[in-house]
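What follows is each chain in one-letter form.
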Amino acid sequence: MFEKVLIANRGEIALRIYRACREMGIGTVAVHSTEDQHAMHVRLADEAVCIGPAASAESYLNIPAILSAATVTNTDAIHPGVGFLSENENFATMVEEHGFTFIGPSADHIRLMGDKITAKDAMKERGVPVVPGSDEAISTFEEAKKIAAETGYPLLIKASGGGGGRGMQIVEDESRLEEALNIAQREAEMFFGNKEVFIEKYLLNPRHIEIQILADGQGGVIHLGERDCSIQRRHQKLIEEAPSPALNAEMREKIGTLCVNAVRDLGYKGAGTLEFLYSNGEFFFIEMNTRIQVEHPVSEMITGVDLIREQIRIASGSKLSITQDDIVFNGHAIECRINAENPRTFMPSPGTIGDYHIPGGLGVRVDSALYAGYKIPSHYDSLVSKLIVHGKTRNECIMRLNRALKEYVISGIETTIPLQSDVINHADFLNGHYNVHWLEAYLKSLEEAESNLEDSAA
Ligand code: MV4
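Thresholds applied
Residues numbered from 1 in each chain as written. Predicted model: local features only at pLDDT ≥ 70, side-chain atom pairs only at ≥ 80, totals over all residues. Heavy atoms only, no water. Helix = DSSP H or I, 4+ residues; strand = E, 2+ residues; numbered from the N terminus. Rg over C-alpha atoms; globule rule 2.2 N^0.38 Å. Buried < 20%, exposed > 50% of the residue type's maximum accessible area, 1.4 Å probe, protein only. Near = heavy atom within 4 Å. Polar contact = N/O pair within 3.5 Å; in protein donor to acceptor, adjacent residues only side chain to side chain. Areas by Shrake-Rupley, 256 points an atom, 1.4 Å probe, with all protein chains shown as cover. Nonpolar A, V, L, I, M, F, W, Y, C, P; charged D, E, K, R; others polar. Domains from an automatic or database assignment. Contact = heavy atoms within 4.5 Å. Buried area = accessible area lost by both parts, 1.4 Å probe. Salt bridge = Lys/Arg side-chain N within 4 Å of Asp/Glu carboxyl O. Phe/Tyr/Trp six-rings, centres within 6.5 Å; stacked < 30°, edge-to-face > 60°.

Student: Please give an account of the overall build of the protein chain that cites residues and values.
Tutor: When helices and strands are counted, the protein chain shows 15 helices and 20 strands. The globule rule puts the C-alpha radius of gyration for 458 residues at 23 Å, and the 22 Å found for the protein chain is close to it. Across its three principal directions, the C-alpha atoms of the protein chain cover 60 × 60 × 45 Å. With 458 residues in all, the protein chain has 57% of them scored as buried.

In structure tokens, the structure reads:
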């Protein structure tokens, strides 16, 4: 096992990794920007190294500075966390070339999944259902028309180098196809430096359901069920839950087994997530994330498996200590991503935390690097806390989440807590009747109600 791990990240995920290392008796090295000198991840870690100025490009994305920090501290392994360098194949390669262990999959698997066309092909070949569309990049209008004749309209043009919703074009009919193809290709080149685009049938009101897997690279592969992440705005998740209100045990077992077999055949190693669109009772693979995810705690809460600990064990060469039969799904978990943002406009709201009180009690978990007096920098992601609640049933979980959101005091900044309170008490959420468009439609209905009020006042 490693003696020392460098955590190449900040905020709540850096603390999450620190906690796993501590419990495993592994020393920790924090890296930080000048702006983050007083951050909690720096205060907790055994050692800390400043790797550059506030701008991420010069600090948390600064590969030479991070490798130097690993060298001077005699680090064994590097955990990239989420975002930043976590899915950068070049970073994974450099880490290994410098004699450190990358806590994550191989650079080859990161590359394979980073390209959405090769990712889909790899999964389709291995029996995982994918969205109908082009199996290869589309370059000409003629090719696009041919695929459109098979998929029908509406269809979606996506960038192969994209993901997370950037650079997509919805096409309603053939009159718009040529122009949309040109726009998509130009944007793909501009945003991702890869002009390859592909076509999919546009699914109208899908849920976003993802499957968590763990693979040791030695034949041991398990799934930890699904997470329903459909409550999103502009591709930013706000609430995630497990299990999904849309699935039963039989459906979970079926899709989970398909994922496990594909991932084993790929020779994949580490934690990973297969993202699906779920529509009319069917799963369609769209992307695979080759990192741990922000919402991993909901899977931990219902399985009792420490996913970060498993990532570290796998990277150190251990086989999985658990088999699929050891995974027992227990109760229900919901995560609220609490952002330092206005709860209606989502404008960032950085600032200094005044009073700070975290909720507690049975089934309540807070993953956060906040503390009273902490100054939230404006340079980074606005996620400041994750409130994760577990209950025996979905209903118990929602009741508990209600009281935990009410207990949580974060003064000095605006947060998304009021919106999350409203959403979890909405009839649609209570019934589990939502899809990826629900939140935007809800926000729009709030705006319309407001403008009607203004009209009647005038
Ligand atoms: C789709 C889709 C409908 N049909 N693909 C957006 C983000 C990226 N991960 C995939 N996305 C979508 N792909 C087909 N063929 C609808 C979306 C989509 C979406 C997906 C997941 C979560 C939220 C979303 C919001 C809008 C659109």
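Student: So what's going on with the site of the ligand? Which residues, and what values?
Tutor: Looking at the ligand, there are 19 residues lining it, with Lys-158, Glu-200, Lys-201, Leu-203 and His-235 nearest. Leu-203 places a main-chain nitrogen or oxygen 2.9 Å from a nitrogen atom of the ligand. Interatomic distance of 3.3 Å between a side-chain N/O atom of Glu-287 and a nitrogen atom of the ligand. Compared with its free state, where it exposes 520 Å², the ligand has 93% of that area covered by protein. A breakdown of the residues in the shell around the ligand according to their chemical character gives eight nonpolar, six polar and five charged. Lining the shell around the ligand are residues from two domains, each supplying at least three of them: domain 2 (132–201) and domain 3 (207–445).

Student: Describe the domain arrangement of the protein chain, naming the residues involved and giving the relevant values.
Tutor: Domain assignment breaks the protein chain into domain 1 (4–103), domain 2 (132–201) and domain 3 (207–445). A C-alpha centroid distance of 23 Å is found between domain 1 and domain 3. Counting from both sides, the interface comprises 35 residues of domain 1 and, opposite them, 30 residues of domain 3. Buried surface at the junction of domain 1 and domain 3, both sides included, amounts to about 2400 Å², of which 58% is carbon and sulfur. Ranking the residues of domain 1 by area buried against domain 3 places Glu-12, Arg-16 and Glu-87 at the top, with a combined share of 27%. Counting every contact that joins domain 1 to domain 3 gives five salt bridges.

Student: Residues and numbers for the packing of aromatic side chains, please.
Tutor: Scanning the model with the defined rule gives 11 aromatic pairs in all. Taking the centre distance of 6.1 Å and the plane angle of 85 degrees together, the rings of Phe-91 and Phe-102 count as edge-to-face. On the criterion of sequence distance, the pair formed by Phe-91 in helix α4 (residues 89–97) and Phe-102 in strand β5 (residues 101–102) is long-range, its members being 11 residues apart. Here Phe-91 matches Phe-102 in class, with each residue buried. Joined through ring pairs, the aromatic side chains of Phe-276, Tyr-278, Phe-283 and Phe-285 make up one cluster.

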